[in-house]
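# What the coordinates show
Take a look at the letters that make up each chain.
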Number of protein chains: 2
Amino acid sequence: MKNTISQALKISEVSESKIGQVDFENLNFGKIFTDHMFVCDYVNGEWQTPEIVPYGPLTMEPSARVFHYGQAVFEGMKAYKDDNGDTFLFRPDENFKRINISAERLAIPEFPEDYFFEGLNALLKLDNEWIKPGYGNSLYIRPFVIATQASVSASEADEYKFMIICSPAQSYYSGDVSVLVAEKFSRSANGGFGYAKAAGNYAGQFYPTKLAQEQGYQQVIWTDANTHEYMEEAGTMNVFFRVNDTLLTAPVSDRILDGVTRKSLITIAEKEGIKVDVRPVKVSEIVEAAKNGSLKEVFGAGTAAVVSPVKAFGYKGEHYEIEKQENSYASYFKKALMDIQYNKAEDTFSWRYKV
Amino acid sequence: MKNTISQALKISEVSESKIGQVDFENLNFGKIFTDHMFVCDYVNGEWQTPEIVPYGPLTMEPSARVFHYGQAVFEGMKAYKDDNGDTFLFRPDENFKRINISAERLAIPEFPEDYFFEGLNALLKLDNEWIKPGYGNSLYIRPFVIATQASVSASEADEYKFMIICSPAQSYYSGDVSVLVAEKFSRSANGGFGYAKAAGNYAGQFYPTKLAQEQGYQQVIWTDANTHEYMEEAGTMNVFFRVNDTLLTAPVSDRILDGVTRKSLITIAEKEGIKVDVRPVKVSEIVEAAKNGSLKEVFGAGTAAVVSPVKAFGYKGEHYEIEKQENSYASYFKKALMDIQYNKAEDTFSWRYKV
Ligand SMILES: Cc1ncc(COP(=O)(O)O)c(C=O)c1O
Ligand SMILES: Cc1ncc(COP(=O)(O)O)c(C=O)c1O
């Protein structure tokens, strides 16, 4: 069935949904995708007519630049459904802006705002059944751009594919995490592209993370590559430290992703009168605070895990446990954010976006 | 036509070669590929039976990890044909070792040596007609590995594809290059994966290189990310500086690729009694040498361009020209290397590998 909802978007629907085959009680993150996907090609110097088509494999030349030079950027967002069946996004304008910030640094052409939002809305309407209500359930949305030009010359491509794929995600609690503070490996360089959500920032973390896992830590907290003296961020989360009643978090820089969750937490904290110090955070001061008992909490903040409490960290062969708090900031922030996302609280900051 | 040359390799040949359609006098680097390609999949914890199949597109899931997290490594090598029609590789054992060094850092499983060499030999025999004789002509060989697992969870994949594709390359002279010394952007971090030939190291260079090109420079010479005070390497070449009659080049590190051409030049220089200082090279000493006339040459060294003379460099808004030398080291090294590669000189160091 083919029809057109606007001049700028071609839609071709599946003849039969595969939703009946999905076990929504046992979802593995990022494995199952909805019936449709959004695709827009860049050729001859411009983005072509975007399309929504049945979700399915791509045909790619072995010489496509993304395979050789990692010219690719992405975003991660979620759609939430309230008890009335209305669907919401959380600050999608931030994700849209960020994918173009990432794209610029990776020499990828800017994507048009109307294509993005029109595509996203149409896709979420078509695959609306895949967004399950229930606090914690969501549809994970993955916009991404890849260099498709078929030529192994090491320069920016002149052909790209912009896509949006969606995967249903469940609320789950995998337990508080233990993290290892990086002493040798690093995630990004001054003057590099750590601030971009670029494919190349992720693969480099897998090996150090595997080594950390062999020591019993689930994730790595990256430190600055020069000195390893300052806390930066985790693999897919920014990080907050609560020392007494003050929150500390590193300022964003050309090495650190400007997370939407991080900046939302800072805004909520300010409104609630919780002091947030955005400044370089020394590993040594956190170690000291852990020793003298003033380190009350550590938590990660990101779209996938929302707010993820850290129960212990390792550093220079020492292991530091963080005592569990009653009424933790982490659980306060998690609820405050989710209440906005699921349309259960007033949207004081105009963050909700109705699909 | 299907047949098997060994238990470990399945070959399926094209029914008709497309070589007749190729204009070998006007080749664009990396655009045209030979009739066949080598493919080997990693699934269920092991590399499966490798295959040689007709060159053609891949079918990839949109959620394949390489698109999202840049988990991919590659190599670059060349096959050379002498006047007798014999085909040679140059130190292919170094490329084999290096792709596994890169793979380890990117959390990609090690590839077996016999699969690599058996595949390479069979592929080059099948596509032998594509390797044109003539000094400077070659077949560019691109082994690469990509994470194919269909799941957007940010960790190392459990499925990969190892491939070898080949592209005929012509001898060409594009003129000596001008380079810009990086002052703000950087290529890799201490503790990062700059020493790996990983996809993610390349895309990040495209934007700064584009900016350099807008200033009239073709390439960037990267400096250390901490201080930008030391010369490191170019996009796809290591770099040598000749000050009076001494060659200077940066030591390899976790930020710099251990180039096969670089180490071969060092060996040739030592044998010829040319002094090579492998030590950190200050940008300031090169600027000083350019000013006082002791900077005689700058050149890049890499498989694609062999030895590529630099005629000028830019740094902090100043432009430094390098006077052209009679009997330059660059031209001496280029000839010495190529004579070995094309079987025109004695193979003193046992670098030639007959296919
Ligand atoms: C490296 C990195 N840091 C932080 C975050 C958190 O950002 P956000 O809150 O926008 O999801 C992410 C991902 O989502 C990330 O990939
Ligand atoms: C970053 C980088 N440096 C240096 C080189 C030169 O290495 P080789 O001489 O092995 O080709 C290459 C590529 O080939 C490269 O990609």
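Everything quoted here is computed from the prediction, not taken from an experiment.

## Some points on the site of ligand 2
All names here are of chain B. Not every one of the 16 residues close to ligand 2 is listed here, only the nearest: Tyr202, Glu233, Val260, Thr261 and Thr303. Contact distances for ligand 2 include 2.5 Å between a nitrogen atom and a side-chain N or O atom of Glu233. In this structure, Thr303 approaches ligand 2 through a side-chain N or O atom, which is 2.6 Å from an oxygen atom. Protein contacts shield 97% of the accessible area of ligand 2, which totals 380 Å² for the unbound molecule. Contributions of two or more residues to the shell around ligand 2 are made by helix 5 (260–272) and strand 19 (295–302). For the shell around ligand 2, a count of residues per class yields 5 nonpolar, 7 polar and 4 charged.

## Some thoughts on the relation of the copies chain A and chain B
The two chain copies are connected by a rotation around an axis plus a translation along it. Each copy of the sequence occupies a distinct position, and chain A is placed on chain B by a rotation of 180° and an axial shift of 0.0 Å, giving an RMSD of 0.0 Å. On the angle and the small slide along the axis, the relation comes out as a two-fold axis. When C-alpha positions in chain A are compared against the rotation axis, the closest is assigned to Gly200(A), at 1.9 Å. Most of the interface of chain A is mirrored in chain B, where 100% of its interface residues are also at the interface.

## Some thoughts on the pairing of strand 3 (residues 36–43) of chain B
Residues and elements named next belong to chain B. Here strand 3 lies mainly inside the structure; 6 of its 8 residues are buried. Pairing between strand 3 and strand 5 (residues 51–54): 4 bridges, direction antiparallel. Pairing of Val39 across the sheet is with Glu51, part of strand 5. Inspection of the sheet shows strand 3 paired to strand 11 (residues 160–169) by 5 bridges, in the antiparallel sense. The residue of strand 11 that forms the bridge with Val39 is Met163. In this structure, strand 3 lies alongside strand 4 (residues 46–47), joined through 2 bridges in antiparallel fashion. By the bridge assignment, Val43 is partnered in strand 4 with Glu46. Between strand 3 and the antiparallel strand that follows it, strand 4, lie 2 residues; Asn44 among them carries a positive phi value of about 50°.

## Notes on unusual backbone geometry
All names here are of chain B. The phi angle at Asn44 is positive, at roughly 50°, despite the residue not being glycine. Looking at the element boundaries, Asn44 is found in the loop between strand 3 and strand 4. Backbone geometry places Ala107, a non-glycine residue, at a positive phi of 60°. Of note, Ala107 is situated in the loop between helix 2 (92–105) and helix 3 (113–126).

## Side note on the pattern of salt bridges
Following the criterion strictly, the structure yields 38 salt bridges over all chains and no others. The closest approach of N and O atoms between Arg242(B) and Glu297(B), which form a salt bridge, is 2.6 Å. Of the two residues, Arg242(B) is situated in strand 15 (residues 238–243) and Glu297(B) in strand 19; the sequence distance between them amounts to 55 residues. Taken individually, Arg242(B) and Glu297(B) each receive the classification buried, so the pair is uniform in this respect. A single salt-bridge network, built from bridges that share partners, covers Arg91(A), Glu94(A), Lys97(A), Asp258(A) and Lys263(A).

## Let's talk about the nonpolar core
Ranked by internal contacts, the top residues of the largest apolar core, which has 150 residues, are Phe67(A), Leu124(A), Phe162(A), Phe67(B) and Phe162(B). Once residues lying within four places of it in the same chain are set aside, the contact partners of Phe162(A) are Phe38(A), Val39(A), Cys40(A), Trp47(A), Ile99(A), Phe111(A), Phe116(A), Pro143(A), Phe144(A) and Val145(A).

## A short note on the site of ligand 1
Residue and element names in this part refer to chain A. Within the structure, ligand 1 sits among 16 residues, and Tyr202, Glu233, Val260, Thr261 and Thr303 are positioned closest to it. Within the contact set of ligand 1, an oxygen atom lies 2.9 Å away from a side-chain nitrogen or oxygen of Lys197. For ligand 1, an oxygen atom lies 2.4 Å from a polar atom in the side chain of Tyr202. Burial of ligand 1 by the protein chains amounts to 97% of its free accessible area of 380 Å². Elements represented by at least two residues in the shell around ligand 1 include exactly helix 5 (260–272) and strand 19 (295–302).

About the criteria used
- Residues numbered from 1 in each chain as written.
- Chains lettered and ligands numbered in written order.
- Predicted model: local features only at pLDDT ≥ 70, side-chain atom pairs only at ≥ 80, totals over all residues.
- Heavy atoms only, no water.
- Near = heavy atom within 4 Å.
- Polar contact = N/O pair within 3.5 Å; in protein donor to acceptor, adjacent residues only side chain to side chain.
- Areas by Shrake-Rupley, 256 points an atom, 1.4 Å probe, with all protein chains shown as cover.
- Helix = DSSP H or I, 4+ residues; strand = E, 2+ residues; numbered from the N terminus.
- Nonpolar A, V, L, I, M, F, W, Y, C, P; charged D, E, K, R; others polar.
- Least-squares fit on C-alpha atoms with pLDDT ≥ 70 in both.
- Contact = heavy atoms within 4.5 Å.
- Buried < 20%, exposed > 50% of the residue type's maximum accessible area, 1.4 Å probe, protein only.
- Pairing = 2+ DSSP bridges.
- Salt bridge = Lys/Arg side-chain N within 4 Å of Asp/Glu carboxyl O.
- Core = buried A, V, L, I, M, F, W, Y, C linked by side-chain atoms within 4.5 Å.

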